[in-house]
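As a plain string of letters, each chain reads:
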Amino acid sequence: MPPVQDVAAFLAMRDQGLPLLDVRSPGEFALAHIPGALNLPLFTDEERARVGTAHARSGREGAVHLALELVGGHLAALLARARHLCGGKREVLLHCWRGGMRSDSMRWLLETGGFTVHRLEGGYKSYRTFVRSELARPRPILVLGGYTGCGKTDILLELQRLGSQVIDLEGLARHKGSAFGALGQPEEQPGNEWFENQLYEQWRRCDPARPVWLEDESRHIGHVTMCEEFFAQLGRSPLVRILLPAEERVAHLVRDYGGQDMREGLLAALERLQRRLGSELTRRCRQWIDTGNYADAARAVLHYYDRCYAHQIENRQAPVLKELACTTDDPALAARLLRQWEEGLPPDTFAAPASL
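Quick caveat: nothing in here was measured; it's all calculated off a predicted structure.

Calculation criteria
- Residues numbered from 1 in each chain as written.
- Predicted model: local features only at pLDDT ≥ 70, side-chain atom pairs only at ≥ 80, totals over all residues.
- Heavy atoms only, no water.
- Domains from an automatic or database assignment.
- Buried area = accessible area lost by both parts, 1.4 Å probe.
- Salt bridge = Lys/Arg side-chain N within 4 Å of Asp/Glu carboxyl O.
- Helix = DSSP H or I, 4+ residues; strand = E, 2+ residues; numbered from the N terminus.
- Nonpolar A, V, L, I, M, F, W, Y, C, P; charged D, E, K, R; others polar.
- 1 Å grid on protein atoms, 1.4 Å probe; cavity = no way out; pocket = protein on both sides within 12 Å on 5 of 7 lines; lining within 4 Å.
- Points joined across faces, edges and corners; volume = space filled by probe spheres on them.
- Core = buried A, V, L, I, M, F, W, Y, C linked by side-chain atoms within 4.5 Å.
- Buried < 20%, exposed > 50% of the residue type's maximum accessible area, 1.4 Å probe, protein only.
- Contact = heavy atoms within 4.5 Å.
- Expected span 1.5 Å × (residues − 1).
- Arc of directions from axis to C-beta.
- Pairing = 2+ DSSP bridges.
- Axes fitted to C-alpha atoms, helices over the stretch in contact; angles between N-to-C directions.

Enquirer: I'd like to hear about the domain arrangement of the chain, residue by residue, with values.
Expert: Under the domain assignment used here, the chain contains domain 1 (4-131) and domain 2 (139-344). Domain 1 and domain 2 are separated by 39 Å when their C-alpha centres are compared. A buried area of about 980 Å², summed over both sides, lies between domain 1 and domain 2, and 49% of it is on carbon and sulfur atoms. When residues of domain 1 are sorted by the area they lose upon contact with domain 2, P35, R128 and V131 head the list and together hold 38% of the total. Taken together, the links from domain 1 to domain 2 amount to four salt bridges. For the salt bridge of E201 with R14, the shortest nitrogen-to-oxygen distance reads 2.5 Å. Residue assignment for the side of domain 1 that touches domain 2 shows that the elements contributing at least two residues are α1 (7-15) and α6 (123-135). No other element matches α6, which puts five residues into the side of domain 1 that touches domain 2. Of the residues that constitute the side of domain 1 that touches domain 2, the class distribution is ten nonpolar, one polar and three charged.

Enquirer: Would you mind going over the layout of surface pockets in detail, with residue names and values included?
Expert: The space that makes up the largest pocket amounts to roughly 1,300 Å³. Lining the largest pocket we find 50 residues, and of these K176, G177, S178, A179 and Y305 sit closest to its centre. Taken together, the elements giving at least two residues each to the lining of the largest pocket come down to α7 (152-161), α8 (169-173), β9 (220-221), α11 (246-257), α12 (263-277) and α14 (294-314). With ten residues, α14 is the largest single contributor of residues to the lining of the largest pocket. When the residues that make up the lining of the largest pocket are grouped by side-chain class, the tally is 21 nonpolar, 18 polar and eleven charged.

Enquirer: Provide a residue-level description of the nonpolar core, including the pertinent values.
Expert: In terms of nonpolar packing, the biggest core is built from 39 residues, with Y127, I167, L169 and F230 touching the most fellow members. Those elements that place two or more of their residues in this core are α1, α6, β6 (141-146), α8, α9 (192-203), β8 (212-215), α10 (228-235) and α14. Element by element, the count of residues in this core is highest for α9, at five residues. Counting contributing residues per domain, this core is built from domain 1 (4-131) and domain 2 (139-344), each supplying no fewer than three. Apart from the residues within four sequence positions on either side, F230 is in contact with L135, L169, L199, W203 and L214. Judged by nonpolar contacts, the second largest core, of 22 residues, contains L183, V250, L277 and Y304.

Enquirer: Quick one: what's the story with the environment of E314, residue by residue and with numbers?
Expert: For E314, the location among the structural elements is in helix α14. A sequence separation of 111 residues divides E314 from W203, and the C-alpha atoms of the two residues are 28 Å apart.

Enquirer: Break down helix α5 (residues 101-112) for me, with residues and values.
Expert: Between its first and last C-alpha atoms α5 spans 16 Å; for twelve residues at 1.5 Å apiece the expected length is 16 Å, and the two agree. Residues of α5 that are buried include every one of R102, S103, M106, L109 and L110, and no others. In an axial view of α5, the angular spread of the buried residues amounts to 125°, which keeps them on one side of the axis. Positioned one or two residues after α5, G114 has a phi angle of 100°, which is positive.

Enquirer: Run through the pairing of β6, naming residues and quoting values.
Expert: Among the six residues in β6, six count as buried, and that is most of the element. With burial as the criterion, each face of β6 is covered, one bearing I141, V143 and G145 and the other bearing L142, L144 and G146. Sheet topology note: the β6/β8 ladder contains four bridges and is parallel. Across the sheet, I141 pairs through a bridge with V212, a residue of β8.

Enquirer: Would you mind going over the sheet that holds β8 in detail, with residue names and values included?
Expert: What links the strands of a sheet is backbone hydrogen bonding, and the strands pair in either a parallel or an antiparallel sense. Read from one edge of the open sheet, five strands run β7-β8-β6-β11-β12, paired in parallel fashion. Every other strand in the sheet has two partners, leaving β7 (165-166) and β12 (320-325) as the edge strands with one partner each. Here strand β11 (residues 239-243) runs beside β12; their pairing, made up of five bridges, is parallel. Its bridge partner being in β12, L243 is matched across the sheet by A325. The sheet contacts of helix α15 (residues 331-343) involve β6, β8, β11 and β12, and relative to β12 the element is tilted by about 145°.

So this is what it looks like as C-alpha cells:
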C-alpha cells in the first residue's frame, strides 16, 4: 500500500476503521474537518500563526527553524497523545492542510514511534476540492416540495424509515429554512464548510442507481448557504408536491411553534419579517402571540410564505413529476403512498435531469 493516498482511497481506508489524525491547529479543525477525524495538532493556533509569519519573512528555512523550536520539546507528548487517540491500532491515516510540512513531520514522528502512516495527497485542501466536485456529479434526485406547514421533513423521515434514500438538508443545517427556522433547534448552525462535508458524507453512501429524496429549499437555509454545484442539481431535479389544506397546515405550525416557551423566539422572528409583512400585520401578529392565539398568527404568516413559494415554483427549471393531495396531516400515510409510487417508477425516469 503506497504511503500517500488520494482522497477516495483515503476515505475508503477510514471506512475500514483506520484512525484518521488531523494535525492542523485546533482552530482549523473546529471550523471544519473530515467526518470521523481526530485532532492531533502539531501547533496551537498561535504557534501556527507565528510559523506562517516566519515563512513570509524568512522563507521555508526560517519557518522550519521556528517550528523545530516550538515542537522540539513536545515530541514525546505528541507521540503519547497519538497512541491514546488510536487505542491499540498502529496503522493510521494522517493529513494537514496541503500535505506539506506538518503532515510530513508528524509522519516521521509516528513512524519513529512504530506506526504505519498513510498520508492524504494534497491534504485537507484536496479533500475539499474533491467534495465540491462530487457534489456536482449528477445523481437521480426527487425533490419534495409543498407550501409551508405541509410536514415535508416529517414525510422525508418516514420515507427514510420505509427504505427510501433521504438526506435531511434542514437537519444537517440545524434550521427549518424560514425566519422561524432556528426555533427549537438544540445547537447553533454549522458553517458552510462543515455542512458540505457532512452532506457529502451522506451523499457518497447513497446508491447512485436509486433516487435520493431531498426537500425543496432555497439556497440559504438560515445562515448556511448550499454550494452552487449542489444547489444547481436540486434546481434541475423533478419535483414531487404535497398538497395539504390550509387549516391543516396552520395546525401543523401551531404544533411546531406554539407555546409560551417559543414566545420570545417568535417575536424576534416577526421583527425580522416586519419589512415584508408590513407594520400593521406585524403588530397584530404580536398581539395574537401575546394572547396565545397562535393560529391567527400562523394564518397571517402563511399568506406571505405561500406567495414566496409560489414564486419559487414558477422559477424552477424542472417539471412537477407528481402531486399528492392529502386531506389530513398524516406523514406516515403520505410516505407510504410516495414509497409505493417511487418503487413503481420506470428505470429511465432520471435519464434527463442532468442535461436540462
